[in-house]
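So you can see what is in the structure, the chains are spelled out below.
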Amino acid sequence: MDLLNAIVALSNFVIIPALSYGSQLALGALGVTLIYGILRFSNFAHGDTMAFGTMGVILFTWWLQGLGVSLGPLPTALLALPVGIALCAALVLATDRTVYRFYREQRVKPVILVIVSMGVMFVYNGITRFIIGPDDQSFADGPRFLISARDFRSLTGLDEGLAIRTSQAITLVTAIVVVVLLFWFLNRTRTGKSMRAYSDNEDLALLSGINPERVVLVTWLIVAALATAAGTLYGLDKSFKPFTYFQLLLPIFAAAIVGGLGSPVGAIAGGFIIAFSEVTITYAWRKVLSYLLPEGLQPDGLVQLLAVDYKFAVSFVILVIVLLIRPTGLFRGKSV
């Protein structure tokens, strides 16, 4: 029974949260790696792009909730998600037409676009804070738990209860659906194949008759959808605060670089590597060890390597190690 209790505690506080968080990071890292692979620059405004798209979802969700519209057991935010994606797509396309296109036509070095994206980041952040405010915003509704700890204990008779939040289940299902659709699009459709060809060899793709403006347009549309979906899922699972999405830029970039910038598969793998690393190192292992160790050897302290406040330091350390040892990442993306 102690072993089962330890497994339940580990699942409740490490495995399930890390799977949910990893799915959110993977969707965010996919957006970063698509921009790097196709448009060839690191978009530092990606975190605030997620915040803006999520803000659109929140505002439309509040409007629907005010009208009494809901999805029953599912969050109303899922109904508002297409609106948030449309608003985010309009923003990034307008930014590309007014800002990024000029520098592309000048064929500037990628570092110039990186600096430009930093300026865009501050503009996005200011717009989001001005519209919705800098504080935490709640927009989740519907049942909070798919399985509650109390119900699990009553069903199994174990001391530990397994709690699965509705937002965690939705995150996993949505991430799987989005990733399957994205890979189908990139590998099976003509536009997706054009994007891959443009990413592999821009000059050869242009000679083959591929329209670069169409590739850029579709890339931004996909990035807007991924960013809004990732930001909304993160907000449902935790909370929405504009500055939090700015902080998410570090683990998202770490996930993309660890997996290999430009590699969609690497972005997904990197997201879960970063998530499990952060959750594992910042988790207090006292409860799990108290079930596994004999009574005399049970720890008195929390057995926590780092406080939760320092979880982003884990991403930073992993990022530095990968850049020093293997700049192309695990799946050999483009060298950073």
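Details of the structure are given in the entry above.
Anyway, here's the lowdown on the structure attached to this text. (Residues numbered from 1 in each chain as written. Predicted model: local features only at pLDDT ≥ 70, side-chain atom pairs only at ≥ 80, totals over all residues. Heavy atoms only, no water.)

Digging into the overall build of the protein
Helices and strands together make up the secondary structure of the protein, namely 14 helices and 2 strands. For 336 residues, the compact-globule estimate of 2.2 N^0.38 gives 20 Å, and the C-alpha radius of gyration of the protein, at 21 Å, lies within 12% of that figure. In terms of overall dimensions, the protein has a C-alpha envelope of 70 × 55 × 40 Å along the principal axes. Taking all 336 residues of the protein together, 49% fall into the buried category. Within the protein, contacts between residues separated by at least 24 positions form 74% of all contacts whose residues are at least 6 apart in sequence. Of the side-chain charges in the protein, 24 are positive and 19 negative, and the distance between the mean point of each set is 10 Å. (Helix = DSSP H or I, 4+ residues; strand = E, 2+ residues; numbered from the N terminus. Rg over C-alpha atoms; globule rule 2.2 N^0.38 Å. Buried < 20%, exposed > 50% of the residue type's maximum accessible area, 1.4 Å probe, protein only. Contact = heavy atoms within 4.5 Å. Lys, Arg positive; Asp, Glu negative; His and termini not counted. Charge placed at Lys NZ, Arg CZ, Asp CG, Glu CD.)

Some details on the packing of aromatic side chains
Per the stated rule, a full pass over the model turns up 10 aromatic pairs. A centroid spacing of 5.7 Å and a plane angle of 75° characterise the contact between Tyr234 and Tyr245, whose relative ring orientation is edge-to-face. Residue Tyr234 is found in helix H9 (residues 212-237), and its partner Tyr245 is found in helix H10 (residues 242-247); the two are separated by 11 residues along the sequence. Both residues of the pair, Tyr234 and Tyr245, count as buried. Relative to Tyr245, the ring of Phe240 has its centre 5.3 Å away and its plane inclined at 45°; by these criteria the two rings are tilted. Look at Phe240 and you get buried, because its relative accessible area is 0%. (Phe/Tyr/Trp six-rings, centres within 6.5 Å; stacked < 30°, edge-to-face > 60°.)

Thoughts on a nonpolar patch on the surface
Taken together, Leu3, Leu4, Ile7, Leu292, Leu293 and Leu297 make up a surface patch of nonpolar side chains, about 570 Å² in accessible area. In terms of residue count, the dominant contributor to the nonpolar patch is helix H1 (residues 2-39) (3 residues). Following the sequence through the fold, Leu4 ends up in helix H1. (Patch = residues over 30% accessible without salt bridge, like charges linked within 9 Å, V, L, I, M, F, W, Y side chains within 5 Å. Areas by Shrake-Rupley, 256 points an atom, 1.4 Å probe, with all protein chains shown as cover. Salt bridge = Lys/Arg side-chain N within 4 Å of Asp/Glu carboxyl O.)

A short note on H9
Relative to the 38 Å expected for 26 residues at 1.5 Å per residue, H9 spans 37 Å between its end C-alpha atoms, a close match to the ideal helical length. With 20 of 26 residues buried, H9 lies mostly within the body of the structure. A side-chain oxygen of the first residue of H9 lies 3.1 Å from the backbone nitrogen of Glu213; this N-cap is Asn211. (Expected span 1.5 Å × (residues − 1). Polar contact = N/O pair within 3.5 Å; in protein donor to acceptor, adjacent residues only side chain to side chain.)

Comments concerning empty space enclosed by the protein
Evaluated as defined, the whole model comprises 1 cavity of 30 Å³ or more. A volume near 30 Å³ is recorded for the largest cavity. Lining the largest cavity we find Gln24, Leu25, Met50, Ala230, Tyr234, Leu248 and Ile252. Going through the elements one at a time, H1 and H9 are the ones with two or more residues in the lining of the largest cavity. When its residues are assigned to classes, the lining of the largest cavity shows 6 nonpolar, 1 polar and no charged. (1 Å grid on protein atoms, 1.4 Å probe; cavity = no way out; pocket = protein on both sides within 12 Å on 5 of 7 lines; lining within 4 Å. Points joined across faces, edges and corners; volume = space filled by probe spheres on them. Nonpolar A, V, L, I, M, F, W, Y, C, P; charged D, E, K, R; others polar.)

With respect to the pattern of salt bridges
Any two side chains of opposite charge can pair, given that their charged atoms come close. Following the criterion strictly, the structure yields 6 salt bridges and no others. In this structure, Asp96 engages Arg97 in a salt bridge whose closest nitrogen and oxygen atoms are separated by 2.8 Å. Judged by its relative accessible area of 34%, Arg97 is partly exposed. Close ionic contact of Asp237 with Arg165 constitutes a salt bridge, the shortest N to O distance being 2.7 Å. With Asp237 in helix H9 and Arg165 in strand S2 (residues 164-165), this residue pair connects regions lying 72 residues apart in the sequence. On the accessibility criterion, Arg165 (25% relative accessible area) is partly exposed. Within the structure, one salt-bridge network assembled from shared partners comprises Asp96, Arg97 and Arg104.

Some details on the environment of Ile15
Locating Ile15 in the fold gives a position in helix H1. The exposure class of Ile15 is partly exposed, given its relative accessible area of 32%. Residues Ile15 and Leu78, 63 residues apart in the sequence, show an inter-C-alpha distance of 25 Å. Setting aside residues no more than four positions away along its own chain, Ile15 makes contact with Leu10 and Phe276.

What about the layout of surface pockets?
There is about 400 Å³ of room inside the largest pocket. Mapped onto the lining of the largest pocket, the elements with two or more residues apiece are H1, helix H3 (77-105), helix H4 (110-132), helix H8 (202-207) and H9. Here the lining of the largest pocket gets 4 residues from one element, more than from any other, and that element is H3. Here the residues of the lining of the largest pocket sort into 10 nonpolar, no polar and 7 charged.

Details of the environment of Phe145
Assignment of secondary structure puts Phe145 in strand S1 (residues 145-147). Linking Phe145 and Leu155, residues 10 residues apart in sequence, is a C-alpha distance of 16 Å. Sequence-distant contacts of Phe145, defined by excluding residues within four places in its chain, comprise Ala163, Ile164, Arg165 and Thr166.

Limitation: the analysis is restricted to geometry and does not speak to function.
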